[in-house]
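For reference, the chains in residue letters:
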Amino acid sequence: MDELAIQEWHKEDYLISTDKTKLDISAIHRYLTRSTWAGGIDEETVVNSVQHSLNFGVFYQGSQIGFARVITDYATFAYLCDVYILEEHQGNSLGRWLMTCFHAHPVFAHLRRILLFTTTASWLYEKFGYEPVNRPGYAWTITRPDIYQPKKQKE
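Residues numbered from 1 in each chain as written. Predicted model: local features only at pLDDT ≥ 70, side-chain atom pairs only at ≥ 80, totals over all residues. Heavy atoms only, no water.

**Topic: the environment of T118**
Logical step 1: Note that T118 resides in the loop between β6 (113–116) and α4 (122–126).
Logical step 2: Distance from T118 to D82, taken between C-alpha atoms, is 9.8 Å for residues 36 residues apart in sequence.
Logical step 3: Within the structure, T118 has its side chain in polar contact with the backbone nitrogen of T120 (distance 3.1 Å).
Logical step 4: A polar contact is formed between the side chain of T118 and the backbone nitrogen of A121, at a distance of 3.1 Å. (Helix = DSSP H or I, 4+ residues; strand = E, 2+ residues; numbered from the N terminus. Polar contact = N/O pair within 3.5 Å; in protein donor to acceptor, adjacent residues only side chain to side chain.)

**Regarding the sheet that holds strand β1 (residues 8–11)**
Logical step 1: The strand order across the open sheet formed by six strands is β1-β2-β3-β4-β5-β6, and the pairing between neighbours is mixed. Single-partner strands in this sheet number two, and they are β1 and β6. When strand polarity is set aside, the average angle formed by the axes of neighbouring strands in this sheet is 20°. (Pairing = 2+ DSSP bridges. Axes fitted to C-alpha atoms, helices over the stretch in contact; angles between N-to-C directions.)

**Some words on the packing of helix α1 (residues 25–34) against helix α2 (residues 43–51)**
Logical step 1: At their nearest, the axes of α1 and α2 sit 10 Å apart, and the two run at 115° to each other. As α1 runs across α2, the sense of the crossing is right-handed. Contacts between α1 and α2 involve I25, S26, I28, H29 and L32 from the former and E43, V46, V47 and V50 from the latter.
Logical step 2: Counted by class, the contact of α1 with α2 contains six nonpolar, two polar and one charged residues. (Left-handed = near helix turned anticlockwise from the far one by under 90°. Contact = heavy atoms within 4.5 Å. Nonpolar A, V, L, I, M, F, W, Y, C, P; charged D, E, K, R; others polar.)

**Comments concerning the pattern of salt bridges**
Logical step 1: Going through the model one piece at a time under the given rule, you end up with three salt bridges.
Logical step 2: E8 is the salt-bridge partner of K22, the closest N and O atoms lying 2.5 Å from each other. Taken as a pair, K22 in the loop between β2 (14–17) and α1 and E8 in strand β1 lie far apart in primary sequence, 14 residues in all.
Logical step 3: Between R34 and E87 there is a salt bridge; the shortest N-O distance is 2.9 Å. With R34 in helix α1 and E87 in the loop between β5 (77–85) and α3 (94–104), this residue pair connects regions lying 53 residues apart in the sequence.
Logical step 4: According to the relative accessible area criterion, E87 is partly exposed, its value standing at 39%. (Salt bridge = Lys/Arg side-chain N within 4 Å of Asp/Glu carboxyl O. Buried < 20%, exposed > 50% of the residue type's maximum accessible area, 1.4 Å probe, protein only.)

**Some words on the nonpolar core**
Logical step 1: Grouped together as the largest cluster of nonpolar side chains are 40 residues, with contacts concentrated most on I16, F56, L80, L98, F102, Y125 and Y130.
Logical step 2: Counting only elements with at least two residues in this core, the list comes to β2, α1, α2, β3 (54–60), β4 (63–72), β5, α3 and α4.
Logical step 3: Among the elements that make up this core, the one with the highest residue count is α3 (six residues).
Logical step 4: In contact with F102, other than residues within four places in its own chain, are F56, V70, L80, F108, L111, I114 and Y130. (Core = buried A, V, L, I, M, F, W, Y, C linked by side-chain atoms within 4.5 Å.)

**What about α2?**
Logical step 1: Buried within α2 we find V46, S49 and V50. Along the axis of α2, the buried positions cluster into a sector of 95°, meaning they face one direction only.
Logical step 2: Buried residues along α2 sit in contact with α1, β3 and β4.
Logical step 3: Capping of α2 at its N-terminal end is provided by D42; its side-chain oxygen lies 3.3 Å from the backbone amide nitrogen of E44. (Arc of directions from axis to C-beta.)

Written out as structure tokens, the structure reads:
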């Protein structure tokens, strides 16, 4: 199966698709700009991030209600990020279904390492075998949580 081919999964009135042409960039931007991890992100950055990633759009009756983005080399590594389901659709196991679809995608079978960061849904990711790193000297990062916030003027 071609790992770059569009994949789609259906469940009742819901659809998960990797088809970038179906994504509602404005909807993704609206959510991300109010998220805890990308607050204030500009739409151009969202466009660029989507263009260079494997994306999973979650749709209800044609409207985008969720999203996940996977930054990957399609061979050994992936970083799962920007995962969300709109609040009014939470509680329907859509987050679990979204993760199931990502794990069912052909690229997943090749990946040696999948990384994610979360402060809100560790319970979900643990169900799929994700473990906290938390080993001294093992995982390293440069983190700039306020990068999308306006710079404060010096007085």
